[in-house]
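Results of the structural survey
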Amino acid sequence: MEYEYMLMRNEKETQNRCCGGRVWCVQDICGIICAVLTWSLILYAEFVVTMVILLPHPYKAYRYINFIIFNTGSFLAFASHLRTMLSDPGAVPKGNATKEMIQQLGYQEGQVFFKCPKCCSIKPERAHHCSVCQRCIRKMDHHCPWINNCVGENNQKFFVLFTFYIAFISIHSIFLAVNQFCLCIKNEWRECSNYSPPATVILLLFLILEALLFAVFTMIMLGTQLNAIWTDETGIEQLKKEEARWVKKSRWKSFQAVFGHFSLAWFSPFTQPLRAKHENYLYSV
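As annotated in an unreviewed UniProt entry, the chain carries the name Palmitoyltransferase and is attributed to Anopheles stephensi. In UniProt, the chain has this text filed under Sequence similarities (unreviewed entry): "Belongs to the DHHC palmitoyltransferase family."

Details of the pattern of salt bridges
What the rule picks out here adds up to five salt bridges. The partner of Arg17 in a salt bridge is Asp88, with the nearest N and O atoms 3.8 Å apart. Of the two residues, Arg17 is situated in strand E1 (residues 17–18) and Asp88 in the loop between helix H3 (60–86) and helix H4 (99–104); the sequence distance between them amounts to 71 residues. Looking at Asp88, the relative accessible area reads 18%, which means it is buried. In this structure, the salt-bridge partner of Glu237 is Arg126, at a minimum N-O distance of 2.9 Å. In this pair, Glu237 sits in helix H7 (residues 235–240) while Arg126 sits in the loop between strand E4 (121–123) and strand E5 (128–130), placing the two residues 111 residues apart along the sequence. By relative accessible area, Arg126 is classed as buried at 11%. Here the salt bridges do not stand alone but share partners, grouping Arg126, Lys139, Asp232 and Glu237 into one network.

Some details on the packing of helix H2 (residues 29–54) against helix H6 (residues 197–231)
Look at H2 against H6: their axes get within 10 Å of each other, and the N-to-C directions meet at 135°. The pairing of H2 with H6 is recorded here as oblique in orientation. In this structure, the crossing between H2 and H6 has a hand that is left-handed. Contacts between H2 and H6 involve Leu41, Ile42, Tyr44, Ala45, Phe47, Val48, Val49, Val52 and Ile53 from the former and Thr200, Ile202, Leu203, Leu204, Phe206, Leu207, Glu210 and Phe214 from the latter.

Some thoughts on the nonpolar core
Counting 31 residues, the largest nonpolar core has Val48, Val49, Ile53, Phe159, Ile166, Leu204 and Leu207 as its most contacted members. Elements supplying a minimum of two residues to this core: H2, H3, helix H5 (156–186) and H6. Among all residues touching Ile53, those that are not within four sequence positions of it are Val48, Leu176, Ala177, Gln180, Leu204 and Leu207. Trp24, Cys130, Cys150 and Ile236 belong to the second-largest nonpolar core, a separate cluster that totals nine residues.

Some details on the state of the cysteines
This model, assessed by the stated rule, comprises one disulfide. Not part of a disulfide, Cys116 finds its nearest cysteine sulfur in Cys136, a span of 3.4 Å. Between Cys182, a cysteine without a disulfide, and Cys184, which holds the nearest cysteine sulfur, the sulfur-to-sulfur distance is 9.4 Å. Classification of Cys182 as partly exposed rests on a relative accessible area of 47%.

Digging into the environment of Lys248
Relative to the helices and strands, Lys248 is located in the loop between H7 and helix H8 (251–259). Relative accessible area serves as the criterion here: at 41%, Lys248 is assigned to the partly exposed category. Measuring from C-alpha to C-alpha, the distance between Lys248 and Asp232 comes to 6.2 Å, with 16 residues separating the pair along the chain. With residues near it in sequence (within four places) discarded, Lys248 still touches Thr231, Asp232 and Glu233.

Some thoughts on a nonpolar patch on the surface
Among the surface-exposed residues, Phe164, Trp252, Phe262, Leu264 and Phe267 lie close enough to one another that they form a single nonpolar patch of about 590 Å² accessible area. On the secondary structure map, Trp252 appears in helix H8.

Quick look at the packing of aromatic side chains
Pairs of aromatic rings are described using the distance from one ring centre to the other and the angle between the two planes. As enumerated under the stated definition, the model contains 14 aromatic pairs in all. Aromatic pair Phe181 and Trp189: ring centres 6.3 Å apart, planes at 85°, arrangement edge-to-face. Overall, the relative accessible area of 16% leaves Phe181 in the buried class. Within the aromatic cluster, the residues linked to one another by ring pairs are Trp230, Trp252, Phe255, Phe259, Phe262 and Trp266.

Calculation notes
- Residues numbered from 1 in each chain as written.
- Predicted model: local features only at pLDDT ≥ 70, side-chain atom pairs only at ≥ 80, totals over all residues.
- Heavy atoms only, no water.
- UniProt positions renumbered as here; feature names shortened; annotations may be inferred.
- Salt bridge = Lys/Arg side-chain N within 4 Å of Asp/Glu carboxyl O.
- Helix = DSSP H or I, 4+ residues; strand = E, 2+ residues; numbered from the N terminus.
- Buried < 20%, exposed > 50% of the residue type's maximum accessible area, 1.4 Å probe, protein only.
- Axes fitted to C-alpha atoms, helices over the stretch in contact; angles between N-to-C directions.
- Parallel < 35°, antiparallel > 145°, perpendicular 65-115°, else oblique.
- Left-handed = near helix turned anticlockwise from the far one by under 90°.
- Contact = heavy atoms within 4.5 Å.
- Core = buried A, V, L, I, M, F, W, Y, C linked by side-chain atoms within 4.5 Å.
- Disulfide = S-S within 2.5 Å.
- Patch = residues over 30% accessible without salt bridge, like charges linked within 9 Å, V, L, I, M, F, W, Y side chains within 5 Å.
- Areas by Shrake-Rupley, 256 points an atom, 1.4 Å probe, with all protein chains shown as cover.
- Phe/Tyr/Trp six-rings, centres within 6.5 Å; stacked < 30°, edge-to-face > 60°.

In structure tokens, the structure reads:
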């Protein structure tokens, strides 16, 4: 059994890596399709808002202000999605259940600890095995096909930002589309769009439908994530109604553990808060 663990630990873990092992990427066809679909829908909204709504608008201030707001939100949503998808969510190394690692972790003889039989690893507290990622994930909340990754200890901030910015641009695009409809009706569909009235109606209706669906979905996900951080209890722990064997953080400390000390960096997908030192070295990939 020890030999099996060592083989698994020494082998290159390529199923969740790309670019020569430098980038985390789950090779799940369903997740990849969902991720590409997400990018396509963002690009569609970008096209309709820019080409159908804003460029033909007669008021320059309205055009430029909303162009900057919507494109900034779209860029941050896209960046947040990429960071969530390409970040290691907190995977536990395979095959680390060796005598040397057990001693290094400070376990005494006869002390109880948990092993994962699927990836031959020592499971840290609050870690769960993901059948799609084929790894144990620290503080795993759930596996989301839309980001083709798990939401875990290392990327929960980016997932929260992704849901926040998608909800924001969805609500903003609904406002812009409804306002454009009113403008077109007021002008009797003259000079309100660079496209024919039927094409304009179809494009705007599909944008509103897409925005409504995404706004509702992402606001629900945003609420559940904020609640999980607030209560210091992941989605899996809430679903399984697991008894809290860990010391729960205060609500503010729980938010700081995900986002870091309060600053504008909370809203940036390009900064990652320093993680707590809880077994980070021993359980790093």
